[in-house]
Amino acid sequence: MGLTKQYLRYTASALFGVIASQKGNIVYVTLRGEKGRYVAVPACEHVFIWDTRKGEKVLILQGLKQEVTSLCPSPDGLHLAVGYEDGSIRVFSLLSGEGNVTFNGHKAAVTTLQYDQLGGRLVSGSKDTDLIVWDVINESGLYRLRGHKDAVTQALFLREKNLLVTSGKDTLVKWWDLDTQHCFKTLVGHRTEVWGLAFVSQEKRLITGAADSELRVWNITYIQEQATDPNEPESKKSKGSPAKAEKASEVDETSTLDEMPEERLLRCNKAGSIMRAGRDRVVTLATDRTGRILACHGTDSVLEVFCVLTEDEICKKMEKKMRKAKKKAKLKSEEAEEEPEGSIEMSLQEEIQRVTSIKASAKIKSFDLILSPKGELKATLLLQNNTIECYILNPSAQVPQVVRASKITIGGHRSDVRTLAFSSDNIAVLSAAAESVKIWNRSTLQCIRTMACEYALCSLFVPGDRQVIIGTKTGKLQMYDLASGSLLETLAAHDGALWSISLSPDQRGFVTGGADKCVKFWDFELVKDENGTHKRLSVKQTRILQLDEDVLCVRYSPNQKLLAISLLDCTVKIFYTDTLKFFLSLYGHKLPVLCMDISYDGALIATGSADRNVKIWGLDFGDCHRSLFAHDDSVMTLQFVHKSHLFFTAGKDHKIKQWDADKFEHIQTLEGHHQEVWCLALSPSGDYIVSSSHDKSLRLWERTREPLILEEEREMQREAEYEESVAKEEQPVVAGETQGETGLAGKKTIETVKAAERIMEAIELYREETAKLKEHQAICKAAGKEVPLPVNPILQAYGNISPSAYVLEVFKKVKSSELEESLLVLPFSYVPDLLVLFNEHIQRGSEVELLCRALLFLLRIHFGRITSNQLLVTVIESLKKTTISKVSEVRNVLGFNMAGLQFLKREIEAKDEVTFFADATDHFEEKRRKRKKKEKLVLTMV
């Protein structure tokens, strides 16, 4: 059977117009060995890395479908962890730009990511209230921590201790002991959501930001320190004077509800508060890498910067205070000389000093700080209007001057793009928003022109592509010259919003429709320029058609005989263009028609409405051919492909769809936008589509040469739905384990199910091949000679390996992060074979680490059934001996290698020291020789 009708597939070609998305955070990254120059920002599903000095995009970390919600660079600066809307996490290499590691564990968006000091572990917090600690080196999940009752907002590892501190929207700050994986302390001193956490003063102080203008400061005293080192000065255990520390501990013992077991590790009591200038909630609270500078911002455009004094600076200040107090006391009387000593204390405001406030040009979404060794502070801000700003200040100066170093704005609009248009040569794309019109080159995606405008609602390229016309919300027509980028003329066209504009097919004029219930006809004309001798293009109004309702959309028929006008009363009225006599009324939509288009031959008109339906009408009699339920929300834009009866619609349900107006069939859905799609434009050739959305992005879609078969498309859609349903199914549970504070890190996904199926297939192949081998041996014995054995093609493809080796190969190919979940869904009938194979491979010493990990997990989840199975007793006994011996062998090898590496390190360091001293001596000798030469010259001169 041949293809009845061949459609060509449209695919996503590029994403542009977005500088940084609002859902994630901005971070400084080290690239090409430079710190403080490059920033990583979320850009819808991708991550863009910008050079703040040049304002250029240097790297794109390609995402899949979901929006980026969290970023965190690794301590070594080589990797970037990226959290997504669906709860997945990917770790990208900043050298290659590839994401090699994927972690799946959360059911909702990732809200926070944090590496530990060495970069070996990564903690992620999510809207699903769980925390998961991941092993980055082994690329697997370690454990899940449950305890928060609402979304986790921040998580921090302690540098010295194996502890984790987390905050949530449930008003709680929790302390977790990662050795025992349980929450040993909960701070309940907040009345509202805790939005941020930060450690200062070598982790002796915790600062929390909530929904009020107070930053709460907590003193942390580590109990083990007190027990092990009694000679340690009191000031180190608890900031402030000894009296203050005693008082705090007394209060802690009596008034708090903390039970004694909780206080085995540390004591945490409130030291006071620092007042912010902002009255609203804290959005971001963070320190720089050194912990010296603390900054925070609310929902406004001000970033408040604080400086945390070091212990030496505090001591100096205290001495200064003491001297002042003594002087005062001396002046007052000679007796009270020693009184002030006990009463002098440093206030919290003096220890954490306000430096300055940075006023950004718009509301701040997130920020990152970097303090250079010279003491210069760089702050980069991600703003809510699709802008990145960088500021520089010196916090140690008497009056710190804030200087804006750079601003990245050219690559996108400040607000949503409401209208798009293609030039007649398919090369230039016009986009217009509330503040500017931009012209883009379609092939390079570079912004060629930016021109300030009023709030734009509709647009068109004037024939010849040298000028553009914009219709605005205030009813004005603005004409721009593209060569000079200047505004040529502004005309007051309508009294209300100018909703729609349509170029006449003879290209001599255009028609506009507005909220003042008028349709106006305009002709292009050449007028003499007031400033120069040349003539310039202008427009003049020729006719006006008064209607009873607001006009939402106007369209000419291709032969210019008819004019279609959609009105606020949900109807579409069709008039004769020459006489303006009424011809047809198309009614049937329940809500106003927001968009419409007429096919190239003038036979069909398609209308898209806020009632989510698209209706296809015949333009000869005004009969409705078909009504299609097109989108899950309002249909915002509709356009026919040139020279065909195919058309595209876009809606507030984030989707763009292609339809066949002859067969009334849905052809394909273009998914990519994460918010409402406002408008789209098809190139005159029909090869390109550009669309704009509330997520600030512009997307380019390209027509490929790949034919699209509808049955296959439906099949792919069903498969995608099935894969989604698998991920939403109930998670498998470990028998005999109750839901506690900790759990398995992973979650069941289509990938883990596929991995389990591959393991099952490999074991079945192993069973078949072993049975065949036994049969073959029996045949050989009966025949008394060697009979050729038929080799399995799969094993042959792997290089004639044995069936047991093939099972090991399949195991090695399972992603480390998916191993546990794959084994969890594996039926028990396959486990005995696996144990036998594990025993065989571990005895040989192949992949000991991987197999032991799988073995211990299988024993944990099937403990009862394995121990009660008499046939497995011998295998288990054998495994017990082999695993212990082989694991200790691997440990010895690792230990030996570590010792060898440390020895080499010491050797290299010693060599370096020798060369350093030799270089220094040579340098010194050279200087001496030069000095002597100079002295001789002076003497000879004399």
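Structure report, in brief. (Residues numbered from 1 in each chain as written. Predicted model: local features only at pLDDT ≥ 70, side-chain atom pairs only at ≥ 80, totals over all residues. Heavy atoms only, no water.)

## Regarding the overall build of the chain
(1) Moving on: Each helix and strand counted, the chain has 15 helices and 57 strands in total.
(2) Moving on: In terms of principal-axis extent, the alpha carbons of the chain reach across some 115 × 100 × 85 Å.
(3) Moving on: When the 942 residues of the chain are sorted by exposure, 50% land in the buried category.
(4) Moving on: The long-range share in the chain, meaning contacts at least 24 apart out of those at least 6 apart in sequence, stands at 49%. (Helix = DSSP H or I, 4+ residues; strand = E, 2+ residues; numbered from the N terminus. Buried < 20%, exposed > 50% of the residue type's maximum accessible area, 1.4 Å probe, protein only. Contact = heavy atoms within 4.5 Å.)

## Points about the sheet that holds strand 41 (residues 535-546)
(1) Moving on: A sheet is described by the order of its strands in space; here four strands give the open sequence 38-39-40-41, paired in antiparallel fashion. The sheet is open, and its two edges are formed by strand 38 (498-503) and strand 41, each paired on a single side. Strand after strand, the sheet turns through a mean of 25° between neighbouring axes, direction not considered.
(2) Moving on: Where strand 40 (residues 518-528) and strand 41 come together, eleven bridges link them in antiparallel fashion. Along strand 41, the bridge assignment pairs Phe521 with Arg543. (Pairing = 2+ DSSP bridges. Axes fitted to C-alpha atoms, helices over the stretch in contact; angles between N-to-C directions.)

## A look at the sheet that holds strand 55 (residues 688-693)
Across a sheet, strands are paired by hydrogen bonds formed along the backbone, either parallel or antiparallel in direction.
(1) Moving on: Strand order in the open sheet formed by four strands is 1-56-55-54, with antiparallel pairing between adjacent strands. This sheet does not close on itself; its edge strands, each paired only once, are strand 1 (7-16) and strand 54 (677-682). Strand-to-strand, the axes of this sheet are offset by a mean angle of 25°, without reference to chain direction.
(2) Moving on: Judged from the five bridges that link them, strand 55 and strand 56 (residues 698-708) form a sheet pairing that is antiparallel. Directly across from Val690, in strand 56, lies its bridge partner Leu700.

## Description of empty space enclosed by the protein
(1) Moving on: Enumeration according to the criterion identifies two cavities of 30 Å³ or more in this entry.
(2) Moving on: Of the pockets and cavities examined, the largest cavity occupies roughly 50 Å³.
(3) Moving on: Around the largest cavity, the lining residues are Thr102, Phe103, Asn104, Gly746, Lys747, Thr749, Thr752, Ser817, Glu818 and Glu821.
(4) Moving on: Considering every element that reaches the lining of the largest cavity, the biggest residue donor is strand 9 (residues 99-104), with three residues.
(5) Moving on: When grouped by side-chain class, the residues that make up the lining of the largest cavity number one nonpolar, six polar and three charged.
(6) Moving on: Estimates place the volume of the second largest cavity at around 40 Å³.
(7) Moving on: Together, Ile469, Leu477, Gln478, Met479, Glu489, Leu491 and Val539 line the second largest cavity. (1 Å grid on protein atoms, 1.4 Å probe; cavity = no way out; pocket = protein on both sides within 12 Å on 5 of 7 lines; lining within 4 Å. Points joined across faces, edges and corners; volume = space filled by probe spheres on them. Nonpolar A, V, L, I, M, F, W, Y, C, P; charged D, E, K, R; others polar.)

## Topic: the pairing of strand 18 (residues 196-200)
(1) Moving on: Of all five residues making up strand 18, five are buried, and the element is well covered by its neighbours.
(2) Moving on: Side-chain alternation along strand 18 places Gly196, Ala198 and Val200 on one buried face and Leu197 and Phe199 on a second face that is also buried.
(3) Moving on: Where strand 18 meets strand 19 (residues 205-209), five bridges bridge the pair, whose relative direction is antiparallel. Across the sheet, the residue bridging to Ala198 is Ile207, located in strand 19.
(4) Moving on: Counting the residues in the hairpin turn of strand 18 and strand 19 gives four residues, including Ser201, whose phi is positive at 50°.

## Here's the deal with a nonpolar patch on the surface
(1) Moving on: On the surface, a nonpolar cluster with roughly 410 Å² of combined accessible area is contributed by Leu901, Phe903, Leu904 and Ile908.
(2) Moving on: Within the element layout of this structure, Leu901 appears in helix 15 (residues 873-941).
(3) Moving on: Classification of Leu901 by relative accessible area gives exposed; the value is 55%. (Patch = residues over 30% accessible without salt bridge, like charges linked within 9 Å, V, L, I, M, F, W, Y side chains within 5 Å. Areas by Shrake-Rupley, 256 points an atom, 1.4 Å probe, with all protein chains shown as cover. Salt bridge = Lys/Arg side-chain N within 4 Å of Asp/Glu carboxyl O.)

## Notes on the environment of Lys517
(1) Moving on: Counting through the fold element by element, Lys517 comes out in the loop between strand 39 (509-514) and strand 40.
(2) Moving on: Residue classification places Lys517 among the partly exposed residues on the basis of a relative accessible area of 34%.
(3) Moving on: Separated by 432 residues in sequence, Lys517 and Glu85 have C-alpha atoms that sit 44 Å apart.

## Here we look at the nonpolar core
(1) Moving on: Among the nonpolar cores identified, the biggest contains 38 residues, and Phe811, Leu823, Leu834, Leu835 and Phe838 are the most heavily contacted of them.
(2) Moving on: Of all the elements in the fold, those that place two or more residues in this core are helix 8 (750-783), helix 10 (803-813), helix 11 (819-824), helix 12 (831-844), helix 13 (848-861) and helix 15.
(3) Moving on: The biggest single contributor to this core is helix 13, with nine residues.
(4) Moving on: When near neighbours in sequence (up to four residues on either side) are disregarded, Phe811 contacts Ile759, Leu819, Leu823, Leu834, Phe838, Leu850 and Ala854. (Core = buried A, V, L, I, M, F, W, Y, C linked by side-chain atoms within 4.5 Å.)

## Some details on the state of the cysteines
(1) Moving on: For the structure on display, the rule yields zero disulfides.
(2) Moving on: For the unlinked cysteine Cys296, the closest cysteine sulfur is that of Cys307, found at 14 Å.
(3) Moving on: For Cys296, a relative accessible area of 0% puts it in the buried group.
(4) Moving on: Here Cys447 stays unpaired: no disulfide links it, and the sulfur of Cys453, its closest cysteine neighbor, is 12 Å away. (Disulfide = S-S within 2.5 Å.)

## A few points about the pairing of strand 9
(1) Moving on: Sheet topology note: the strand 8 (residues 88-93)/strand 9 ladder contains five bridges and is antiparallel. Note on strand 9: the bridge partner recorded for Phe92 is Gly99.
(2) Moving on: Here strand 8 hands over to strand 9 after five residues, with Gly97 in that stretch at a positive phi of 80°.

## Overview of the pattern of salt bridges
(1) Moving on: Following the criterion strictly, the structure yields 35 salt bridges and no others.
(2) Moving on: The residue Glu389 makes a salt bridge to Lys407 at a minimum N-O spacing of 3.6 Å. Of this pair, Glu389 sits in strand 28 (residues 387-393) while Lys407 sits in strand 29 (residues 403-408), and the two are 18 residues apart along the sequence.
(3) Moving on: Each of the salt bridges in this network shares a partner with another, and the network as a whole consists of Glu34, Arg37, Asp51 and Arg53.

## Some details on the packing of aromatic side chains
(1) Moving on: Scanning the model with the defined rule gives twelve aromatic pairs in all.
(2) Moving on: Taken together, a centroid distance of 4.9 Å and an interplanar angle of 85° make the contact between Tyr10 and Phe648 edge-to-face. With a gap of 638 residues between them, Tyr10 in strand 1 and Phe648 in strand 51 (residues 646-651) connect regions that are remote in the sequence. Phe648 carries the same exposure label as Tyr10, and that label is buried. (Phe/Tyr/Trp six-rings, centres within 6.5 Å; stacked < 30°, edge-to-face > 60°.)

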